[in-house]
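# Fold and geometry: a report
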Amino acid sequence: MRRRVSLASLFGAALLVLTAFAQPASAEGTSKQLTDVIPIPVDAKPNPRADFRLDPATVIVADRNARQVADYLGGLLRPSTGYRLPVVSRGGGSTIELDLGPTAKVGDQGYRLDTDRHGVTIRANTTDGLFAGVQTLRQLLPASIEAKSVQRHARWVVPGGSITDYPRFGYRGAMLDVARHFFTPDQVKLYIDQIAQYKINRLHLHLADDQGWRIQIKSWPNLTAHGGSTEVGGGAGGYYTQDQYKDLVAYAASRHITIIPEIDMPGHTNAALSSYAELNCDGVAPPLYTGTDVGFSSFCVDKDITYKFLDDVIRELAAITPGKYLHIGGDEAHATTPADYQTFMGKVLPIVAKYGKFAEGWNEIASVNPPVTTVPQFWDTDGQDAATAAAAARGNKILMSPANKAYIDQQYNPDSPLGLHWAGYVEVQDSYDWDPATAVQGVSENQVAGVEAPLWSETITDNHDIEYLAFPRLAGIAEIGWSPQSTHDWNTYRERLADQGPRWDAEGINFYRSPQVDWK
Ligand code: TNX
């Protein structure tokens, strides 16, 4: 008896020693906290005795309707683990199970994630929810899971416990301006992969501006042949054929992201006006433009051909866009009188509806009393716009992109090598520390569609540049869009953000090492 007791206490002492040894290992990232995730989950109940460790025999269990997410997960985990991780329809032993079926509390984008010593189960009502759960699982693993080659000495531990998680807002967007500088389909796909890990579910593509027209319109071929032939600085530009665009839409869908295409109008249209003389009031096509001024171009509001043209453009674009929104710009129409702007939008909004879509527009569109299905995107910097507040009061949902917080094309500080600063310098804390429910006077939580981080491309030309401006700020905007306001806290956020550094290194993401964060 005595002997037994002392054995037990010896065992206890050994355990203590082991735990002490385990501590530094966890600091190195072999074992993480359940909440060490961006965006932070709604609810997490850790169970430290239920950690799960992936091993060479682990299988991914998913039935047919979850297969796509399972294949994606396998694709994420195989390169660094070197494990086979086959996707099977049933299996025991060590498993990661994706389970599509009625799941309480989490709605149509959320998920439950339960981890015990035998494995991980992600449950959701939809494949979007499963995909979101997969992004969480990914971050619960050590950063080296993101490596592209086998990491022999890693311990692939997932912390035990349960997460119940769902988004605050349905719309969590990123925008990429492919008009000022063109980005190839592969460049856009890389950005899609990067934003998907933060549960971004919309990618708004700014497809036309003064400097370039980037989407093939078959009935108006000179838009791309001529209008797509240059960009800011005079480079060669480029455009997407409709097949390439459809492929991008499908690729985004495989990352559970909906593409929202934008044709900006009636301003920001020099590339189109330069391609077709008849679209100009004076019938004279202006030269192509490769500078960075705004507000000098306008479609001719009085000509019938303008609306014949836009009917064709919107018809062709709607036909290759499965998402329900088309963005029609409407910003900075300084070369259009307010009366003409009203007339113009009064004719174009019905064309969008005629082709079965809802419109999105920059907040100027709120002034034309658009249908309540139209989503004005607030981009101002002073937190007030009477027309936006009035639209919200009429029932329009507002998308939040206040430029001094959400514009990830702005410089971080005066020394930033890339970016503009008309909205001010936007450091990492600035982009995180705001609340969409109080960002605009007269627009409250239930009137907000969500958030979006626009990345204008006057100063950027490749993925390296994209990454430098988007990371870390995009992660903060993503968290604001997903996590409840009650979890909002810069001090704990900056610690979780620090943990993203090694992940971004492993992924090869060229992020800005802000001095506001103690990077690991
Ligand atoms: C303003 S914001 C613009 C864009 C520029 C951007 C640069 C908005 C709706 N229009 O045309 O690219 O600033 O930050």
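For the structure itself, consult the block above.
Report on the accompanying structure. All values derive from a computational prediction rather than experimental measurement.

### Structural notes on the state of the cysteines
Enumeration over the complete set of coordinates arrives at 1 disulfide. Across the disulfide from C281 sits C300; the S-S distance is 2.1 Å. Its S-S torsion of about 100° marks the bond between C281 and C300 as right-handed, since a negative value means left-handed. Of this pair, C281 sits in the loop between α7 (270–275) and α8 (304–319) while C300 sits in the loop between α7 and α8, placing them 19 residues apart in sequence.

### Observations concerning the side chain of S514
With respect to the secondary-structure elements, S514 resides in the segment after α15 (490–507). At 3.0 Å, the side chain of S514 and the side chain of E427 are in polar contact. In this structure S514 touches E427, V428 and W519, once residues within four positions along its chain are discounted.

### Side note on the packing of α8 against helix α9 (residues 338–354)
Interaxial distance between α8 and α9 falls to 10 Å at its minimum, and their mutual angle equals 30°. With respect to each other, α8 and α9 are oriented roughly parallel. The way α8 lies across α9 gives a crossing that is right-handed. Residue-level contacts link T306, Y307, L310, D311 and I314 of α8 to F344, K347, V348, I351, V352 and K354 of α9. Grouping the constituent residues of the contact of α8 with α9 by class yields 7 nonpolar, 1 polar and 3 charged.

### Quick word on unusual backbone geometry
Look at the link from I38 to P39: it is a cis peptide, with omega at -5°. Relative to the helices and strands, P39 resides in the loop between α1 (2–27) and β1 (43–46). Looking along the chain, the bond that leaves F471 and enters P472 is cis, with omega of 15°. When you line up the elements, P472 lands in the loop between α13 (463–470) and α14 (473–482). A positive phi is found at N369, a non-glycine position, where the angle reads about 55°. Looking at the element boundaries, N369 is found in the loop between β15 (358–362) and β16 (375–378).

Criteria and thresholds
- Residues numbered from 1 in each chain as written.
- Predicted model: local features only at pLDDT ≥ 70, side-chain atom pairs only at ≥ 80, totals over all residues.
- Heavy atoms only, no water.
- Disulfide = S-S within 2.5 Å.
- Helix = DSSP H or I, 4+ residues; strand = E, 2+ residues; numbered from the N terminus.
- Polar contact = N/O pair within 3.5 Å; in protein donor to acceptor, adjacent residues only side chain to side chain.
- Contact = heavy atoms within 4.5 Å.
- Axes fitted to C-alpha atoms, helices over the stretch in contact; angles between N-to-C directions.
- Parallel < 35°, antiparallel > 145°, perpendicular 65-115°, else oblique.
- Left-handed = near helix turned anticlockwise from the far one by under 90°.
- Nonpolar A, V, L, I, M, F, W, Y, C, P; charged D, E, K, R; others polar.

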